[in-house]
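Descriptive analysis of the structure
Listed below, chain by chain, are the residues.
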Amino acid sequence: MSSLLVINADGPETRVALVEDGLLGELYIERKRERGIAGNIYKGRVERVLPGMQAAFVNIGAEKSAYLHVSDVRGTPDDLKRLFSGDAGKSADDEDDEEADRKRAHGGARIEDLLKEGQEIVVQVTKEPISTKGARTTRYVSLPGRHLVFMPTVDHIGISRRIASDKERRRLRDIVESMRPPGSGFIVRTVAENVSEKELKSDMEFLIKLWNEIVKRSESGRCPALIYNDLDLLLRTVRDMFTPDVEKLIIDSRPEYDRVKKFINALMPDFTGHIELYDGADPIFDGYGIEIEIDRALERKVWLKSGGYLIVDEMEALTAVDVNTGRFVGKSSLEDTITKTNLEACREVAEQLRIRSIGGMIVVDFIDMDRPNNREKVTRAFNDHLRRDRSKATVTRISELGLIEMTRKRTRESLLHSLTEPCTYCEGKGYTKSRQTVAYELLREIRRQGDLIESDTIVIEAHPLIAEVLSGTDRGFIEDLEKRLQKRLVVKARSSFHMEDFEIHSPGEKAIEKSEVASGGARERDEPKKRRRRKRALGSPADVEAMLAEEEMSAVSPDGLAHEEAAQAAARGANGVVPAEPVVEPVAEPVVPVVKTDE
Ligand SMILES: [Zn+2]
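Below is a summary of the structure that appears in this document. (Residues numbered from 1 in each chain as written. Predicted model: local features only at pLDDT ≥ 70, side-chain atom pairs only at ≥ 80, totals over all residues. Heavy atoms only, no water.)

As a further point, take the overall build of the protein. For the protein, the count of helices and strands is 18 helices and 25 strands. For the protein, with 599 residues in total, the buried portion stands at 46%. Sequence-distant contacts, at least 24 apart, represent 70% of the contacts inside the protein between residues at least 6 apart. Within the structure as shown, the protein displays about 30600 Å² of accessible surface, and the carbon and sulfur contribution to it stands at 51%. (Helix = DSSP H or I, 4+ residues; strand = E, 2+ residues; numbered from the N terminus. Buried < 20%, exposed > 50% of the residue type's maximum accessible area, 1.4 Å probe, protein only. Contact = heavy atoms within 4.5 Å. Areas by Shrake-Rupley, 256 points an atom, 1.4 Å probe, with all protein chains shown as cover.)

Turning our attention to unusual backbone geometry. Cis geometry marks the peptide bond from Cys223 to Pro224, where omega comes out at 0 degrees. Assignment of secondary structure puts Pro224 in the loop between helix 5 (197–219) and strand 13 (225–228). Phi is positive for Asp21, close to 50 degrees, though the residue is something other than glycine. Positioned with a positive phi, Gln486 is a non-glycine residue whose angle comes to about 55 degrees. Looking at the element boundaries, Gln486 is found in the loop between helix 15 (475–485) and strand 23 (488–493).

Applying the stated criterion across every chain, the model contains 7 aromatic pairs. The interplanar angle of 55 degrees and the centroid separation of 4.9 Å between the aromatic rings of Phe242 and Phe271 together place this pair among those described as tilted. A residue pair is termed long-range when its members are at least 10 positions apart, and Phe242 in the loop between helix 6 (233–241) and strand 14 (246–251) and Phe271 in the loop between helix 7 (254–267) and strand 15 (275–277) qualify at 29 residues. The residue whose ring lies beneath Lys301 is Tyr309, and the NZ or CZ to ring-centre distance is 4.3 Å. (Phe/Tyr/Trp six-rings, centres within 6.5 Å; stacked < 30°, edge-to-face > 60°. Lys NZ or Arg CZ within 6 Å of the ring centre and 35° of its normal.)

Spatially, 16-17-18-19-21-20 is the arrangement adopted by the 6 strands of the open sheet, whose pairing is mixed. Looking at which strands have only one partner, the edges of the open sheet turn out to be strand 16 (301–303) and strand 20 (393–395). For this sheet, the mean inter-axis angle between neighbouring strands, taken without regard to orientation, is 20 degrees. Two elements, strand 16 and strand 17 (residues 309–314), share 3 bridges in a ladder whose sense is antiparallel. Paired with Trp303 across the bridge in strand 17 is Tyr309. (Pairing = 2+ DSSP bridges. Axes fitted to C-alpha atoms, helices over the stretch in contact; angles between N-to-C directions.)

To continue, consider the coordination of the zinc ion. Coordination of the zinc ion by the protein involves Cys423 (SG) and Cys426 (SG), with metal-donor separations of 2.2 Å. Classification of Cys423 by relative accessible area gives partly exposed; the value is 40%. (Donors = N, O, S within 2.8 Å, 3.2 Å for Na, K, Ca; no water.)

Here we take up the environment of Glu344. Along the polypeptide, Glu344 turns up in helix 10 (residues 334–355). Look at Glu344 and you get partly exposed, because its relative accessible area is 24%. Each C-alpha atom, one on Glu344 and one on Ser306, is 7.9 Å from the other, the two residues being 38 residues apart in sequence. Once residues lying within four places of it in the same chain are set aside, the contact partners of Glu344 are Leu304, Lys305 and Ser306.

Another aspect to go through is the pattern of salt bridges. For the coordinates displayed, the defined rule picks out 33 salt bridges. The shortest N-O distance in the salt bridge between Arg239 and Asp240 comes to 3.0 Å. Looking at Arg239, the relative accessible area reads 6%, which means it is buried. A network of salt bridges, in which partner residues are shared, links Glu13, Arg15, Arg31 and Glu291. (Salt bridge = Lys/Arg side-chain N within 4 Å of Asp/Glu carboxyl O.)

By way of backbone hydrogen bonds, the strands of a sheet pair with one another, either parallel or antiparallel. Strand order in the open sheet made by the 5 strands is 3-2-1-14-15, with mixed pairing throughout. Strand pairing shows two members of the sheet lacking a second neighbour, strand 3 (23–31) and strand 15, which therefore form its edges. Averaged over all pairs of adjacent strands, the angle between their axes in this sheet comes to 20 degrees, without regard to strand direction. Bridge analysis of strand 1 (residues 3–8) against strand 14 gives 5 bridges, and the strand direction is parallel. By the bridge assignment for strand 14, Ser3 is matched with Val246. Sitting on the sheet, helix 6 touches strand 1, strand 2 (13–20), strand 3 and strand 14, and the angle it makes with strand 3 is about 140 degrees. Strand contacts of helix 7: strand 14 and strand 15, with the helix running at about 165 degrees to strand 15, the strand carrying the most contacts.

Two elements in contact, helix 6 and helix 7, have axes separated by 10 Å at closest approach and are oriented at 40 degrees. Compared by their axis directions, helix 6 and helix 7 come out oblique. Read as a crossing pair, helix 6 and helix 7 show a hand that is right-handed. In this structure, helix 6 contributes Leu234, Leu235, Val238 and Arg239 to the contact, and helix 7 contributes Glu256, Arg259, Val260, Phe263, Ile264 and Leu267. (Parallel < 35°, antiparallel > 145°, perpendicular 65-115°, else oblique. Left-handed = near helix turned anticlockwise from the far one by under 90°.)

It is worth spelling out the nonpolar core at this point. Counting 49 residues, the largest nonpolar core has Leu143, Phe242, Leu249 and Val260 as its most contacted members. Considering each element in turn, this core owes the most residues, 8 residues, to helix 5. Those residues within four positions of Val260 in sequence are excluded, and the remaining contacts are Leu234, Leu235, Val238, Leu249, Ile251 and Ile275. Listed in part, the 25 residues of the second largest apolar core include Val378, Ala381, Phe382 and Met406. (Core = buried A, V, L, I, M, F, W, Y, C linked by side-chain atoms within 4.5 Å.)

For the rest of this paragraph, the subject is the packing of helix 13 (residues 435–449) against helix 14 (residues 464–471). Contact geometry of helix 13 with helix 14 gives a least axis separation of 9 Å together with a crossing angle of 70 degrees. By the criterion of interaxial angle, the relationship of helix 13 to helix 14 is roughly perpendicular. In this structure, helix 13 meets helix 14 at a crossing whose hand is right-handed. Across the interface between the two elements, Arg435, Gln436, Val438, Ala439, Leu442 and Leu443 of helix 13 pack against Leu465, Ile466, Val469 and Leu470 of helix 14.

Looking at helix 9 (residues 290–297), one finds that the buried residues are Ile290, Glu293, Ile294 and Ala297. Axial view of helix 9: buried residues confined to an arc of 100 degrees, hence all on one face. In this fold, the buried residues of helix 9 make contact with strand 1, strand 2, strand 3, helix 8 (284–287), helix 10 and helix 12 (415–419). (Arc of directions from axis to C-beta.)

Here Arg180 shows up in the loop between helix 4 (166–179) and strand 12 (185–188). Along the backbone, Arg180 and Asp155 are 25 residues apart, and their C-alpha atoms lie at a distance of 9.5 Å. When near neighbours in sequence (up to four residues on either side) are disregarded, Arg180 contacts Asp155, His156, Ile157, Gly185, Phe186 and Met204. In this structure the side chain of Arg180 is engaged in a polar contact, spanning 2.8 Å, whose partner is the backbone oxygen of Ser184. (Polar contact = N/O pair within 3.5 Å; in protein donor to acceptor, adjacent residues only side chain to side chain.)

A few words on the pairing of strand 12. What you see with strand 12 is no split at all: Gly185 and Ile187 on one side and Phe186 and Val188 on the other are buried throughout. As paired elements, strand 11 (residues 156–159) and strand 12 share 4 bridges and run parallel to each other. Its bridge partner lying in strand 12, Ile157 is registered against Phe186. Once the chain exits strand 11 it traverses helix 4 before rejoining the sheet at strand 12, and the crossover so formed is left-handed. (Right-handed = clockwise from strand over helix to strand, strands pointing away.)

Listed below in structure tokens is the structure:
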């Protein structure tokens, strides 16, 4: 398998694509402005020591003081074990902070004996600050390298539990032990399995040098100060994903290229020949066909080459993937065609899960297959394709209905969540009421409220598409309403209106919201509505029609009635009493200040 790391870094965000055999496999995005401070190391000053909380507040130069619990100053052996239990070993606190604090003993050490106010200390941020709380910090600094994590302040060697072979574990331990500075610690990451001694040693060397630099910086200069900035996406990518499988790393920004080069020279000199500055005319992601793949990964429908397609629904509790045959399939080879489509879908589903970084519970609904051996074949193929995945997936057998349930380890936010926001028009529902539904709703509202309007004209304002429905297919009912109310209905098309909104009032009245719409730009749909009459509970359109038609008209067909009424109304209109047609004003696009289009 030949793969490429394609990096787009010439804009306000850094995007990293792992391309395997010409296909997008993984995608990482970091917006530069959103970068956090977790992982950073600061020289800070102890501001307050709080014996009651067994914690201290440390000024690290951030808006809020950072929090430092006694167990992060000096831990018990248990704390340390926990610290090392993760593969990356970055932090011990994946559970709720306070809960963890309460559970932790701290070996009798008391914060007031360990720290003094005004004291300068080096701390590393383990948790981003959130609105009310400052960052959480620790004095147990950890520096992740490519194969190892360096813990300069803890005397310990840990080996990832995912490395199973005892022999390999012993080899790794010996290598680390032979080079470890006394009193310091290393955790060997899973990726170190079967990596040569030379590579491991160069990784250790790099981390030790890095730490010495941090120490030097902490000894001179001001306080508080940032003394180590954790790697950004670009360098983390280089550190973690630039494996020997990667043929080439190609990047489109000269300064970032230089930065990568410097980093590679220091950390992994063997890879120097494998980086390249992109000089194509097209944007780099266009040049490699990645942009198209990203768009595809945000779509609900994903086409397969055979004409079949997937529907991917990412929901709160689970993700459902539905496999469909696109076109009509001949009867004779039905089972074969279905199996073929399912097999093609296996690969696409596995790829989409990776690109979209979908985690948690996933249900894949393959097309039903009659023969058990075909179901078996599809399950096997699906598992094969999942094997490439860096995130661990657990798959059940395929059920008789063709369902596969699986879980995939959630490592980060899904692509959909990080690149999209709920649709402002439908408010995230994914649909709006149909124009017929809204039109009938409006008519019922006139029927309900029309008598209350004292003028002989009722002004209806609605979205142009609703106005069109009113003036077109349902004209008969409008005319009936006019007759019933003895009022003229005037429909005004307002393209600034939301499809589901309308207003009913007398010509003289100024609708309150309109000025707000005009001044506020976006329509505030949730504020109290005084003039706007919107109903939420609805019968079917058929119910509405029945209600509007009522028994007196039941003898006449709606069509006939419409024409008859239109004729009568036209006659009345000629008398100057009631005009025939609901007046639909043409819409000037874009209608911004709705108020001004009023009479
Ligand atoms: Zn929408």
